[in-house]
Amino acid sequence: MTDFWLQYGDDMLPVIGDFPRVGGYLPSFMLVDDHKRDAALESFMGPKVIVTLLSVDEEEHGGILLLREIRRFLDRWPHLKLIVITVDSPSSLARARHEHGLPHTTLLSTLRGRDFHKHYGVLITEFPLSGYTAPSLILADASNVVHYSERLADTRALFDFEAIESLLLQGEQQALEAERDAEENRRQQLAERELGSERLMEKAREIEQTPPRSSGFGNG
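Residues numbered from 1 in each chain as written. Predicted model: local features only at pLDDT ≥ 70, side-chain atom pairs only at ≥ 80, totals over all residues. Heavy atoms only, no water.

(A) Structural context of the sheet that holds strand β1 (residues 4–8). Taking strand neighbours across the sheet as the criterion, the three strands line up as β1-β2-β8 in an open arrangement whose pairing is antiparallel. If you trace the sheet from one side to the other, it starts and ends with β1 and β8 (123–124), each paired once. (Pairing = 2+ DSSP bridges. Helix = DSSP H or I, 4+ residues; strand = E, 2+ residues; numbered from the N terminus.)

Right, dumping it as structure tokens:
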């Protein structure tokens, strides 16, 4: 049963598969990069943004224009790894990189990983886009836990960048608070160690200043 539909011009196309939900884990994958090398999810460390497009050859319909908007938005968060996945061949991805630059962007093809479509819930099943990957965006942390996921309902639409920004800012605030808490704990532990050292030194001085007790035995 189809629970998601994508509008492409005048067509409403069904999209099937298990789309990753917030709180779940990213499904593992093995895809191909623009140098024809195998690329597994496990090879990408740190927080990441996974984006699926119709094709890098598409302009306004879930293609290169959408990717430009995503890259422009992510300029504020350079620590996020941008991974873009399409049905395009590795050669087409290499050409797109040459034509559009696309620095700090990983381009992957589903050429040798067709199960990706269903595992990530982006498989379009009807003409004229049967077999394509529907436009989607997933934000995951370094442990591959999903914090945000969105599929576009229209190929001409943009992702909800306002909601994503709010989430990223909240994450930054939580990270700062955690860093402050950790620093406060370090200071408290240091103060406790210093206080313990002072007490030990005071105890040692007290022992030194205490006169020796008489044994109770005389000489005669």
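(B) Layout of the sheet that holds strand β6 (residues 81–86). With respect to topology, seven strands assemble into an open sheet ordered β4-β3-β7-β6-β5-β9-β10, the strand pairing being mixed. Both edges of this open sheet fall to β4 (38–40) and β10 (146–151), since each of them pairs with a single strand only. When strand polarity is set aside, the average angle formed by the axes of neighbouring strands in this sheet is 30 degrees. Strand direction decides the pairing type here: strand β9 (residues 136–140) and β10, joined by five bridges, are antiparallel. When the bridges of β10 are listed, L139 appears paired with Y148. The strands touched by helix α1 (residues 64–74) are β5 (48–52), β6 and β7 (105–109); relative to β6, the strand with the most contacts, the crossing angle is about 170 degrees. (Axes fitted to C-alpha atoms, helices over the stretch in contact; angles between N-to-C directions. Contact = heavy atoms within 4.5 Å.)

(C) Focus on the packing of aromatic side chains. Scanning all chains against the criterion turns up five aromatic pairs. Plain terms: the ring middles of F29 and F116 are 5.9 Å apart, the flat faces sit at 80 degrees to each other, and that makes the pair edge-to-face. Taken as a pair, F29 in the loop between β2 (11–16) and β3 (30–33) and F116 in helix α3 (residues 116–119) lie far apart in primary sequence, 87 residues in all. In this pair, the class of F29 matches that of F116, namely buried. Aromatic pair F73 and W77: ring centres 5.3 Å apart, planes at 45 degrees, arrangement tilted. You'll find F73 and W77 in the same group, each marked buried. Residue placement shows R151 over the ring face of F4; its charged tip is 4.3 Å from the ring centre. (Phe/Tyr/Trp six-rings, centres within 6.5 Å; stacked < 30°, edge-to-face > 60°. Buried < 20%, exposed > 50% of the residue type's maximum accessible area, 1.4 Å probe, protein only. Lys NZ or Arg CZ within 6 Å of the ring centre and 35° of its normal.)

(D) The arrangement of the domain arrangement of the chain in detail. Looking at the assigned domains, one finds that the chain contains domain 1 (4–159) and domain 2 (160–207). For domain 1 and domain 2, the distance between their C-alpha centres works out to 39 Å. Summed over both sides, the interface of domain 1 with domain 2 buries roughly 1,100 Å², with 76% coming from carbon and sulfur. For the pair domain 1 and domain 2, the interface holds one salt bridge. Broken down by secondary-structure element, the contributors of at least two residues to the side of domain 1 that touches domain 2 are α1, β9 and β10. (Domains from an automatic or database assignment. Buried area = accessible area lost by both parts, 1.4 Å probe. Salt bridge = Lys/Arg side-chain N within 4 Å of Asp/Glu carboxyl O.)

(E) Inspection of a negative patch on the surface at higher detail. On the surface, E194, E198, E202 and E206 cluster together into a patch of negative charge. As for its placement among the helices and strands, E202 is situated in helix α4 (residues 161–209). (Patch = residues over 30% accessible without salt bridge, like charges linked within 9 Å, V, L, I, M, F, W, Y side chains within 5 Å. Areas by Shrake-Rupley, 256 points an atom, 1.4 Å probe, with all protein chains shown as cover. Lys, Arg positive; Asp, Glu negative; His and termini not counted. Charge placed at Lys NZ, Arg CZ, Asp CG, Glu CD.)

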